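Architecture at a glance
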Amino acid sequence: FTADERPLIAQIWGKEPKNFRKTAEQLADGTFARELGLPEGVNFAGVDLNMGCPEKSAVKNGCCVALVNDRPLAHEIIEATREGLAGRLPLSVKTRLGFNEIDLTWLEFLLGHDLAALAIHGRTRKEMSKVPAHWDSIGQAKELRDKLAPNTLLIGNGDVVNRKHGEQLAEQHGLDGIMIGRGIFHDPFAFSQNSQWESFTPAQRFELYEKHVKLYEQTWNGDGPHIQTLNKFCKTYINGFDGAKEAREQLMSATSTTELTDFLNRLA
């Protein structure tokens, strides 16, 4: 994030309630905001609990979406976080529809905790991102929300390609909001009212990717993740025109940001 972004939500995960309580206290009292360089007097606007990540090692350790199968612990974590926040910041949860299969009782369980918001990724852990999101089930979750927790905002997530598409889904299913995830890898302007991405020339795409690379270098000052971290973004920018595949192969062979920038300048 950058210091002028607002509002900023902190998402936390793990499995030790005492750690959630302590972290929530430090988020609520501004400790982390000061450590991370937010402007004076500015704090996080809320805290979100990650109970949806399907990553193998997290699940193996009983974290994130594994909490679907350990509801007593999930309850402890929610309550410990709430105690740490002490009413100073709102609390939300992001989750999936279930573990191996769609399980609306899991959503009922979460809705029973008086959350400020519940974000639902429309797939189970087993499905990962290999099947289309089940928006019909998110619609069922909305019905449960209306009945059990009308004050909890409901946010849908899964296969949302851009803002217009998200707004259509929100209206169709009666949701309070939409979360865009992988859609940003297909359109860097996915959050815009009217994205112009499809009309970008190859030169404009190279230029925008170069800006990304320079921001990466400025942010990490040569001490960041390996250059290959940037490879996953390459196809976002370099696609949709003749020669894009060959250009990507050259760019992804770079061993430093300097080399990557040189390649981009030559290609442009």
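Residues numbered from 1 in each chain as written. Predicted model: local features only at pLDDT ≥ 70, side-chain atom pairs only at ≥ 80, totals over all residues. Heavy atoms only, no water.

Our next topic: the packing of helix α5 (residues 104–111) against helix α6 (residues 135–148). Direction vectors running N to C along α5 and α6 enclose 35°, while the axes themselves pass 10 Å from each other. With respect to the hand of their crossing, α5 and α6 are arranged in right-handed fashion. On α6, the residues touching Leu104, Leu107, Glu108 and Leu111 of α5 are Gln140, Ala141, Leu144, Arg145 and Leu148. Residues of the contact of α5 with α6, tallied by class, amount to six nonpolar, one polar and two charged. (Axes fitted to C-alpha atoms, helices over the stretch in contact; angles between N-to-C directions. Helix = DSSP H or I, 4+ residues; strand = E, 2+ residues; numbered from the N terminus. Left-handed = near helix turned anticlockwise from the far one by under 90°. Contact = heavy atoms within 4.5 Å. Nonpolar A, V, L, I, M, F, W, Y, C, P; charged D, E, K, R; others polar.)

Computed from the structure, the largest pocket encloses a volume of approximately 840 Å³. Among the secondary structure elements, those contributing two or more residues to the lining of the largest pocket are β1 (9–12), β2 (46–51), β3 (91–98), β4 (117–124) and β5 (153–157). Top contributing element to the lining of the largest pocket by residue count: β3, with four residues. Split into classes, the residues belonging to the lining of the largest pocket amount to 18 nonpolar, four polar and two charged. As a volume, the second largest pocket reaches approximately 700 Å³. (1 Å grid on protein atoms, 1.4 Å probe; cavity = no way out; pocket = protein on both sides within 12 Å on 5 of 7 lines; lining within 4 Å. Points joined across faces, edges and corners; volume = space filled by probe spheres on them.)

Every buried residue belonging to helix α10 (residues 244–251) is among Ala244, Ala247, Arg248 and Leu251, and all of these are buried. End-on view of α10: buried residues confined to an arc of 100°, all on one side of the axis. Where the residues of α10 are buried, they touch α8 (202–220), α9 (231–237) and α11 (257–267). (Buried < 20%, exposed > 50% of the residue type's maximum accessible area, 1.4 Å probe, protein only. Arc of directions from axis to C-beta.)

Right, let's get into the sheet that holds β1. Read across the open sheet, the six strands follow the order β1-β2-β3-β4-β5-β6; overall the sheet is parallel. Either end of the sheet is taken by a strand with one partner, and the two such strands are β1 and β6 (177–179). Neighbour-to-neighbour, the strand axes of the sheet open up by a mean angle of 25°, direction not taken into account. Pairing analysis gives five bridges linking β4 to β5, with the strands arranged parallel. Residue pairing for β5: Ile120 is matched across the bridge by Gly156. (Pairing = 2+ DSSP bridges.)

In terms of nonpolar packing, the biggest core is built from 49 residues, with Leu49, Met51, Trp106, Leu110, Leu118 and Ile120 touching the most fellow members. The contact partners of Leu118, leaving out residues within four places of it in the chain, are Val93, Thr95, Leu110, Leu111, Thr152, Leu153, Leu154 and Ile155. Membership of the second largest hydrophobic core comes to 18 residues, among which are Trp197, Cys234, Phe241 and Ala254. (Core = buried A, V, L, I, M, F, W, Y, C linked by side-chain atoms within 4.5 Å.)

Here the focus is the packing of aromatic side chains. Enumeration over the complete set of coordinates arrives at eight aromatic pairs. Seen from their ring centres, Phe206 and Phe241 are 5.8 Å apart, and the 70° between their planes marks the pair as edge-to-face. Taken together, the positions of Phe206 in helix α8 and Phe241 in the loop between α9 and α10 put the pair 35 residues apart, joining distant regions of the chain. Judged by relative accessible area, which is 6%, Phe206 ranks as buried. With relative accessibility at 18%, the residue Phe241 sits in the buried group. Its end group placed over the ring of Trp197, Arg205 keeps NZ or CZ at 4.2 Å from the ring centre. (Phe/Tyr/Trp six-rings, centres within 6.5 Å; stacked < 30°, edge-to-face > 60°. Lys NZ or Arg CZ within 6 Å of the ring centre and 35° of its normal.)

Following Arg6, the chain continues into Pro7 via a peptide bond in cis, with omega recorded as -15°. Position of Pro7 relative to the elements: it lies in the segment before β1. Despite not being glycine, Asp114 has its phi angle at roughly 50°, a positive value. Given a relative accessible area of 61%, Asp114 falls into the exposed group. Backbone geometry at Asp159 places phi at a positive 65°, although glycine is not the residue there. Mapping Asp159 onto the fold places it in the loop between β5 and α7 (163–173).

Here helix α1 (residues 17–28) contains twelve residues, and its C-alpha end-to-end distance of 16 Å stays within 8% of the 16 Å for a straight helix at 1.5 Å per residue. Every buried residue of α1 is accounted for by Pro17, Phe20, Ala24, Leu27 and Ala28. Seen along its axis, α1 keeps its buried residues to an arc of 90°; they face one direction. Among the exposed residues of α1, those pointing more than 90 degrees away from its buried face are Lys18 and Lys22. Buried-residue contacts for α1 involve β1, α2 (31–35), β2 and α4 (71–85). The first or second residue beyond α1 is Gly30, which carries a positive phi of 90°. (Expected span 1.5 Å × (residues − 1).)

Attention shifts here to the pairing of β1. Regular strands place side chains that alternate from one sheet face to the opposite one. Side chains Ala10 and Ile12 of β1 all project onto a buried face; the interleaved residues Ile9 and Gln11 project onto a face where none is buried. Pairing between β1 and β2: four bridges, direction parallel. Its bridge partner lying in β2, Ala10 is registered against Val47.

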